[in-house]
Amino acid sequence: MKIAILGDTHFGSRNSNGIIQLWQEKFFNDVFWPYIDKHNIKTVIQTGDYFDNRKWINIQTMAFQKRIFVDQIQKRDMTCYGIIGNHDIPLRYSLENNSPGQILNHEKGMVYYDKTTNLELDGVTFTLMPWLCKDNQEESVDIIRKGGEVLVGHFEIDGMDMHPGHKAKAELKPSDYKDWKYVISGHYHTQSEKANINYVGTPYQMTWNDANGKNGFWIMDTTDLSMEYIVNPHSFFHRIYWEDGTDYDISTITNSYVKLIIKKKSDFEIFEKFIDKVNHNDPFDLKIIESFEEYNEDNVGDMIKMVATTDLIGQYIDDVATDNNKEAIKKLMLEIYEDAMRTEEFDTV
């Protein structure tokens, strides 16, 4: 038996941004459903964050996700099993009133779990575990450390790639998952693997953080738990570097986000003609960024000292005149900062 593993879909991303929906639909129409049909796959496991907005879902998003996903599951007489991600809940620390439970579980073929559930598929036990929060933390950690066959979740795991160049800091370590044959997780949008853990990544790009990664979905073979990655060839975040010319294929930038980064511009007329060609290909958004490489580390020396935000917070509190416990204030402020970073940036990650 082969099972399609689909990462965070984030339907309604960026306030139901029409360009993102265009590329989401292109992935499903051009890549996902043709593969499903060709290989007669009947089961999908989706790793959480089905919806993007935690607080509300508008009618346009409801209609969109039903047309390109739910209706297609039903048309093929398939079953999609999923878990609740942190974007599927209105309160970060509770799974109550989650959006898939309110919306998807009423649809034929759509089964979403807000409690840890064992699912038998072709003789393999899949343990589907929703987002860990205050309501289920203790029980979930016990299950994680106990081990089993295949664990599917929406985890924060220390040291894994949140996005290129940034490692996660989290309470649970990869060693906590060592007694599972295989661990599949959504949440972090960057696809990465370590030991028995596979962060499956997102099927398509959604932010500039996704621009340099790979996107797609996975096929698991239950006979040996092997995984095959199916690449989504479509990109709509493009970085183009201009150095008195470029060989970038600008025919690919229609309806895309484009950053044109200028490293060298000796002939203004040639550059302007290139900009005309770029605009002729109808990018959705074009930003031109001048490079200031002359102000590199070697030239500037010690004029600028880069300091981590967490260090700046600590330094500021140390300098504040107060009789209160500065270490307690630091701890509180750092907790607020870390929570804000996870909520506002990396959870959309």
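Just so it is clear, the structure is predicted and the values come from calculations on it, not from any experiment.

Trainee: Looking at this structure, I do not really get the overall build of the protein. What am I missing?
Mentor: Within the protein, the regular secondary structure consists of nine helices and 17 strands. When each of the 349 residues of the protein is scored for burial, the buried share is 48%. Within the structure as shown, the protein displays about 17700 Å² of accessible surface, and the carbon and sulfur contribution to it stands at 50%.

Trainee: Which parts of the structure should I look at to understand the sheet that holds strand β17 (residues 285-290)?
Mentor: Consider a sheet: its strands pair through backbone hydrogen bonds, and that pairing is either parallel or antiparallel. Spatially, three strands are ordered β15-β16-β17 in an open sheet, and the strand pairing comes out parallel. Both edges of this open sheet fall to β15 (237-243) and β17, since each of them pairs with a single strand only. With strand direction ignored, the average angle separating the axes of adjacent strands in the sheet is 20 degrees. Relative to strand β16 (residues 257-264), β15 runs parallel, the two sharing seven bridges. Within β16, the position partnered with E243 by the bridge is K264.

Trainee: Would you explain the nonpolar core in this entry?
Mentor: A general feature of soluble globular proteins is that nonpolar side chains tend to end up buried together. Ranked by internal contacts, the top residues of the largest apolar core, which has 42 residues, are F11, F28, F32, Y50, F69, M110 and F217. Every element with two or more residues in this core is listed here: β1 (2-6), α2 (18-39), α3 (59-75), β4 (110-113) and β13 (216-221). Here the element with the most residues in this core is α2; it accounts for ten residues. If we skip the residues at most four places from it in the chain, F69 touches L6, F11, F28, F32, W33, Y50, C80 and M110. In this structure, I5, I45, L128 and M220 belong to the second largest nonpolar core, which totals 21 residues.

Trainee: In this structure, what is going on with the packing of α2 against α3? I would like to understand it.
Mentor: For any two helices packed against each other, one specifies the crossing angle of their axes together with the interaxial distance. Taken N-terminus to C-terminus, the directions of α2 and α3 make an angle of 0 degrees; their axes are 12 Å apart at the nearest point. Put simply, α2 runs roughly parallel to α3. Residues Q21, Q24, E25, F28, F32 and W33 of α2 lie in contact with α3, whose contacting residues are Q60, T61, F64, R67, I68, F69, Q72 and I73. When its residues are assigned to classes, the contact of α2 with α3 shows seven nonpolar, five polar and two charged.

Trainee: In this structure, what is going on with the sheet that holds strand β12 (residues 197-199)? I would like to understand it.
Mentor: Sheet architecture is open: six strands sit in the order β5-β6-β7-β10-β12-β11, paired in mixed fashion. Edge positions in the open sheet fall to β5 (117-121) and β11 (192-194), since each of these has one partner strand only. If you compare each strand with its neighbour and ignore which way they point, the axes differ by 20 degrees on average. Inspection of the sheet shows strand β10 (residues 180-185) paired to β12 by three bridges, in the parallel sense. Counted as the bridge partner of S185 is Y199 from β12.

Trainee: Looking at this structure, how should I read the pattern of salt bridges?
Mentor: Opposite charge on two side chains lets them pair, provided their charged atoms get close. Evaluated as defined, the whole model comprises 13 salt bridges. One salt bridge connects R145 with D176, and the closest N-O pair in it is separated by 3.0 Å. Placement of R145 in helix α5 (residues 137-146) and of D176 in the loop between β9 (166-167) and β10 is noted, with a sequence separation of 31 residues between them. Overlapping salt bridges bring together K66, D71 and E107 as one network.

Criteria and cut-off values
- Per-chain numbering applies: the sequence of each chain, read as written, is numbered from 1 onward.
- Where local features are concerned, this predicted model is filtered to residues with pLDDT of at least 70; where side-chain atom pairs are given and counted, the filter is 80 or more; whole-chain, interface and lining totals use all residues.
- Calculated side-chain values reflect all of the structure's heavy atoms, with hydrogen atoms and water omitted.
- Helix numbering and strand numbering both begin at the N terminus, where a helix is a DSSP run of H or I of at least 4 residues and a strand a DSSP run of E of at least 2.
- Note on exposure labels: buried denotes an accessible area under 20% of the residue type's maximum, exposed denotes more than 50%, and partly exposed covers the range between, all computed with a 1.4 Å probe on protein chains only.
- Residue-level accessible areas treat just the shown protein chains as cover; the underlying method is Shrake-Rupley with a 1.4 Å probe.
- Pairs of strands are assigned from DSSP output, requiring at least two bridges between the strands.
- Whenever a helix is involved, its axis is fitted only over the stretch in contact; in every case the axis is a line through C-alpha atoms, and angles between N-to-C directions fall within 0 to 180 degrees.
- To define a nonpolar core, start from buried Ala, Val, Leu, Ile, Met, Phe, Trp, Tyr and Cys residues and group those joined through side-chain atoms within 4.5 Å.
- Note on contacts: a residue pair qualifies if any of its non-hydrogen atoms lie within 4.5 Å across the two residues.
- Roughly parallel means an angle under 35 degrees; roughly antiparallel means over 145; roughly perpendicular covers 65 to 115; every other angle is labelled oblique.
- We call Asp, Glu, Lys and Arg charged. Ala, Val, Leu, Ile, Met, Phe, Trp, Tyr, Cys and Pro are nonpolar, and the rest, Gly among them, are polar.
- Here, a salt bridge means any side-chain nitrogen of Lys or Arg that lies within 4 Å of a carboxyl oxygen of Asp or Glu.

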